[in-house]
Amino acid sequence: MALKTSWVASANDPDSDFPLNNLPYGVFSCGGGRRRCGVAIGDSILDVSGMGPAGVFDAGNWNAFMALGPAAWADFRAEVTAILAEGAAERGLVRQADAQLHMPFAVAEYTDFYAGRHHAENMGEMLRGAKSLPANWLHIPIGYNGRASSVVVSGTPVRRPLGQLGQGRFGPTEKLDIELELGAVVGTGSAMGQPVSVAKADEMIFGFVLLNDWSARDIQAWEYQPLGPFQGKAFATSISPWIVPKAALEGFRRPAPAAPLPYLREVRGGLYDIELSVYLGDEQISRTNATELHYSAAQQLAHHSLSGCPMRTGDLLGSGTISGPTAGTFGSLMELSWNGEKPLKLANGERTFIEDGDTLTLKGHAQGEGFRIGFGTCEGTILSAINTPDWAR
Ligand code: CA
């Protein structure tokens, strides 16, 4: 794999997130104008709203295009590649610095999984006192149905949630946290009552984003038994604004660990070698890789459909928190500060959990030879909680 050169000079910079090899899909507007679909190239955006089958981009998001399926995705990608390749006629582009980015797709439903083995072991040690996995974890991709309504694009501020922090305790969460995850975007759906194979599930996936599953650990700890996460994770989930096409990541596939049952067995490697990092302000607080996951998005999607649950265009699947094996590679502050017992020492003071005004940023890229397939950033700044309403006092 080598850099594919473009007539857009900034796209040929080896540190650019958006070379010709990538061509991720986003939605932008300029000066408060209408939302248009675009493809990132270097420091610019190619407006594609007049391209593709008639009307496919009229809604100002990628959903209708996603529903067209893999053959249409490949044709379009080839067309955009030809337009932007070195030697092609130059045309007008929008500078990313002049554009505002929006949600790239309408989220149909959001499901969050739990496929980070080190994360699951760490949570077990902190919550149950033993570095052990739940008995079912190596057999089944654990997940829960989350909220599509609170999925927001990077840059959207996040309000500190109110909640029950324990028996009789009410107030703003005191343990606000991040979860470093990848989000898989489902392009084509499946029929109710019809399970899909891992190979078919892989074909249904359109692309990937960075995903921050904001979490309130005190609310979560009090509520999660017996039915799993609820309000501790329902208040906000942030995603990066560019959907990186699965096609751009083909060269970075890696196998997932062996699956216990045939219906979960992979045909192609469904994990990806993507370097990930977390920043608090300007300071990097963690670094890891998406190959730390135990189940691929395709396996999770296949498992999700096993009961006959229909998948839909625009479904979003969170991978689960991605943690490496050692401190400094963990994907949450809960782990990085060991539930607040070991504060992180930062340039501007110590941190256990997130404070008001903090900006948390996820970054990610797959590293090729002389180029990278970048995801851009997924960031959010924390606003203080609302004043407790009179009716809640
Ligand atoms: Ca999560």
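Residues numbered from 1 in each chain as written. Predicted model: local features only at pLDDT ≥ 70, side-chain atom pairs only at ≥ 80, totals over all residues. Heavy atoms only, no water.

1. Details of the coordination of the calcium ion
Around the calcium ion, the protein contributes the donor atoms D112 (OD), E179 (OE), E181 (OE) and D213 (OD), which lie 2.2 to 2.3 Å from the metal centre. Donor residues for the calcium ion sit on one chain with the sequence pattern D-x66-E-x1-E-x31-D. A residue pair is termed long-range when its members are at least 10 positions apart, and E181 in strand β13 (residues 180–186) and D213 in the loop between β14 (205–212) and β15 (215–216) qualify at 32 residues. Both residues of the pair, E181 and D213, belong to the buried class. (Donors = N, O, S within 2.8 Å, 3.2 Å for Na, K, Ca; no water. Helix = DSSP H or I, 4+ residues; strand = E, 2+ residues; numbered from the N terminus. Buried < 20%, exposed > 50% of the residue type's maximum accessible area, 1.4 Å probe, protein only.)

2. Description of the pattern of salt bridges
Evaluated as defined, the whole model comprises 21 salt bridges. Here D356 and R160 are joined by a salt bridge, their closest N and O atoms 2.7 Å apart. Here R160 lies in the loop between β9 (158–159) and β10 (162–166) and D356 lies in the loop between β24 (349–351) and β25 (359–367), a separation of 196 residues in the sequence. Overall, the relative accessible area of 41% leaves D356 in the partly exposed class. (Salt bridge = Lys/Arg side-chain N within 4 Å of Asp/Glu carboxyl O.)

3. A closer look at the pairing of β13
The two faces of the sheet receive side chains in turn, since in a regular strand these alternate between them. Counting buried residues along β13, seven of its seven residues qualify, which places the element largely inside the surrounding structure. Along β13, one buried face is formed by L180, L182, A184 and V186 and the opposite face, lined by E181, G183 and V185, is buried too. With seven bridges connecting them, β13 and β14 associate as antiparallel partners. Counted as the bridge partner of G183 is V209 from β14. Bridge analysis of β13 against strand β22 (residues 316–318) gives three bridges, and the strand direction is antiparallel. Residue pairing across strands places V185 opposite L316, the latter belonging to β22. (Pairing = 2+ DSSP bridges.)

4. What to know about helix α7 (residues 297–305)
With nine of nine residues buried, α7 lies mostly within the body of the structure. Every buried residue belonging to α7 is among A297, A298, Q299, Q300, L301, A302, H303, H304 and S305, and all of these are buried. Turning to α7, the residues buried within the fold contact β6 (110–113), β7 (143–145), β13, α4 (198–204), β14 and β22. (Contact = heavy atoms within 4.5 Å.)

5. Focus on unusual backbone geometry
Excluding glycine, a negative phi dihedral is what most residues carry, and trans is how most peptide bonds are arranged. Of note, the amide linkage connecting Q225 to P226 takes the cis form, showing an omega dihedral of 10°. If you trace the backbone, P226 turns up in the loop between α5 (217–223) and α6 (231–234). A positive phi angle is found at L23, which is not glycine, with a value near 55°. With a phi angle near 45°, W338 is a residue other than glycine that sits in the positive phi range. Looking at the element boundaries, W338 is found in the loop between α8 (333–336) and β23 (344–346). The class of W338 is buried, set by a relative accessible area of 17%.

6. Focus on the environment of L383
Its place among the elements puts L383 in strand β26 (residues 372–383). Separated by 103 residues in the primary sequence, L383 and L280 place their C-alpha atoms 15 Å from one another. The contacts of L383, once residues within four sequence positions are left out, are P157, V158, R159, R160 and D356.

7. Concerning the sheet that holds strand β20 (residues 275–280)
The five strands lie next to each other as β9-β26-β25-β20-β21, forming an open sheet whose pairing is mixed. Either end of the sheet is taken by a strand with one partner, and the two such strands are β9 and β21 (283–289). The pairing of β25 with β26 spans eight bridges and is antiparallel. Considered in β26, the bridge of T361 is made with E379.

8. Quick look at the domain arrangement of the protein
Taken domain by domain, the protein holds domain 1 (9–102) and domain 2 (110–392). Between domain 1 and domain 2, the C-alpha centre-to-centre distance is 27 Å. Taking both partners together, domain 1 and domain 2 bury about 2000 Å²; carbon and sulfur atoms supply 69% of that area. The largest share of the area that domain 1 buries against domain 2 comes from Y25, M66 and W73, three residues that together contribute 27% of it. Counting every contact that joins domain 1 to domain 2 gives zero salt bridges. Secondary structure elements with two or more residues in the side of domain 1 that touches domain 2: β1 (25–29), β2 (36–41), α1 (63–66), α2 (70–84) and β5 (100–102). (Domains from an automatic or database assignment. Buried area = accessible area lost by both parts, 1.4 Å probe.)

9. Considering the environment of P245
Position of P245 among the secondary structure elements: in strand β17 (residues 244–245). A residue is classified by how much of its surface remains accessible, and P245, at 4% relative accessible area, is buried. For the pair P245 and W73, spaced 172 residues apart in sequence, the C-alpha separation works out to 9.0 Å. When neighbours within four sequence positions are excluded, P245 is seen to be in contact with N22, L23, P24, Y25, R77, F206 and G207.

10. A short note on the packing of aromatic side chains
Following the criterion strictly, the structure yields 15 aromatic pairs and no others. Centroid distance W62 to F76: 6.0 Å. Interplanar angle 75°. Geometry classified as edge-to-face. On the criterion of sequence distance, the pair formed by W62 in the loop between β3 (44–47) and α1 and F76 in helix α2 is long-range, its members being 14 residues apart. One exposure class covers both W62 and F76, and it is buried. A connected cluster of aromatic rings, assembled from ring pairs, spans Y25, F57, W62, F65, W73, F76 and F206. (Phe/Tyr/Trp six-rings, centres within 6.5 Å; stacked < 30°, edge-to-face > 60°.)

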